[in-house]
Amino acid sequence: MTYSDTELYKNLRVDCEKCFGLCCVALYFSKSEGFPTDKVAGKPCINLQSNFRCSIHTNLRNQGLKGCTAYDCFGAGQKVAQITYNGFNWSKEKESSNQMFDVFLVMRQLHEMLWYLNQAISLKENTSIHDKIRFMIDETEKLTYLNPDSLIALDIPSHQDKVNGLLFETSEMVRNKICFGKSKTKNIPRGLDCIGSDLRKIDLKGANLRGAFLIATNLSGVDLSKADLIGADLRDADLRGANLSECIFITQSQINTAKGDSNTKLPKSLNRPSYWLE
């Protein structure tokens, strides 16, 4: 069975209109992570209005709120708001607001896992494990429909280990195929510190860039086909003219933190940030 992009990601895209501004309340803000001030978790952002919309949404970057433009809940917000709590919001149900925030954090992790699993099942190089991936997608999806108490009680690290095993297996299959017959290694140690480096002359096709610190690196014009970018920090990385159309395990939030242009090639599952064209 094949799946279209719409089918794979239809419930994993942000829909703020169906949410109650959960990310603007449940999360903490830190100056070190792209915010002008610190904010404790559970306290509403000063820009959150009574209708749960942001009063400066169209001007977030200019107001120093780059962290907001980078954040992606993978659709967890609307799932918690409309399904887990059936439309009851935290401002009206204050006695359960803290529980709702905790549930949101759990749901976000589950939806992130679903994002990666759906990327994995869309690939052709790993068809031999598609049945295992489909099973894990179904199991993870079932967890997202649990009641609040059950969601909070979940052993997320244990489930994450199972998911990561499939993602790692997928990565090995995909990258080994593109690197077959090449003498140079494509395995880069996890957490590789490349901050500020010029990587334009390095062949990164099929590279293992899991967890790499690529902050402010120059990747302009680089072909990242089949490179594994799961967990890579792309803040302020120069992706102008780079080819990311066939890289694996990349998220919208990673793209939102980087610098690109109209010539940057992205996977169909991701949107080009509007500020790339300014």
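Report on the accompanying structure. (Residues numbered from 1 in each chain as written. Predicted model: local features only at pLDDT ≥ 70, side-chain atom pairs only at ≥ 80, totals over all residues. Heavy atoms only, no water.)

### A short note on the packing of helix α4 (residues 76-84) against helix α5 (residues 97-121)
Test applied: Think of each axis as a best-fit line through the C-alpha atoms, taken over the contacting stretch in the case of a helix, with angles from 0 to 180 degrees between the N-to-C directions. Only DSSP runs of H or I covering at least 4 residues are called helices, and only runs of E covering at least 2 are called strands; the numbering of each starts at the N terminus. Comment on the angle field: the value is read as roughly parallel under 35 degrees, roughly antiparallel over 145, roughly perpendicular from 65 to 115, and oblique elsewhere. The crossing is said to be left-handed when, going from far helix to near helix, the turn is anticlockwise and less than a right angle, and right-handed when the turn is clockwise. The criterion used for residue contact is that any of the two residues' heavy atoms lie within 4.5 Å.
Running from amino to carboxyl end, α4 crosses α5 at an angle of 125°, the nearest separation of the two axes being 8 Å. Considered as vectors, α4 and α5 are oriented oblique to each other. For the pair α4 and α5, the crossing hand works out as right-handed. In this structure, α4 uses A76, G77, K79, V80 and T84 to contact α5, whose residues at the interface are M100, V103, F104, M107, R108 and H111.

### Comments concerning unusual backbone geometry
What counts, and what does not: Accessibility here uses a 1.4 Å probe with only protein chains present; expressed as a share of the type maximum, an area under 20% marks a residue as buried, one over 50% as exposed, and anything in between as partly exposed.
In this structure, F74 takes a positive phi of about 60° despite not being glycine. Looking at the secondary structure, you find F74 in the loop between α3 (66-70) and α4. Given a relative accessible area of 0%, F74 falls into the buried group. Despite not being glycine, A216 shows a phi value in the positive range, around 60°.

### Looking at the nonpolar core
Selection criterion: We call a set of buried Ala, Val, Leu, Ile, Met, Phe, Trp, Tyr and Cys residues a nonpolar core when their side-chain atoms join them within 4.5 Å.
Membership of the largest hydrophobic core comes to 79 residues, with the highest contact counts inside it found for W90, L214 and L244. Of all the secondary structure elements, the ones that give two or more residues to this core are α2 (23-26), α4, α5, α6 (130-143) and α8 (156-179). Of the residues forming this core, the biggest block, 14 residues, is contributed by α5. The contact partners of L244, leaving out residues within four places of it in the chain, are L224, L229, L239, I250, I255, T264, K265, L266 and P267.

### As for the pattern of salt bridges
Basically, it comes down to this: The term salt bridge refers to a pairing of a side-chain nitrogen on Lys or Arg with a carboxyl oxygen on Asp or Glu at a separation within 4 Å.
One pass over the full model with this rule turns up 14 salt bridges. Residue E141 pairs with K79 through a salt bridge whose shortest N-O separation is 3.9 Å. Highlighted residues: E141 in helix α6 and K79 in helix α4, separated in sequence by 62 residues. Relative accessible area serves as the criterion here: at 25%, E141 is assigned to the partly exposed category. For K79, a relative accessible area of 6% gives the class buried. One salt bridge in this structure joins R235 and D233, with 2.7 Å as the shortest N-O distance. Taking the relative accessible area as the measure of exposure, R235 reaches 37% and is therefore partly exposed. Because the salt bridges share partners, they merge into one network encompassing E125, K226 and E246.

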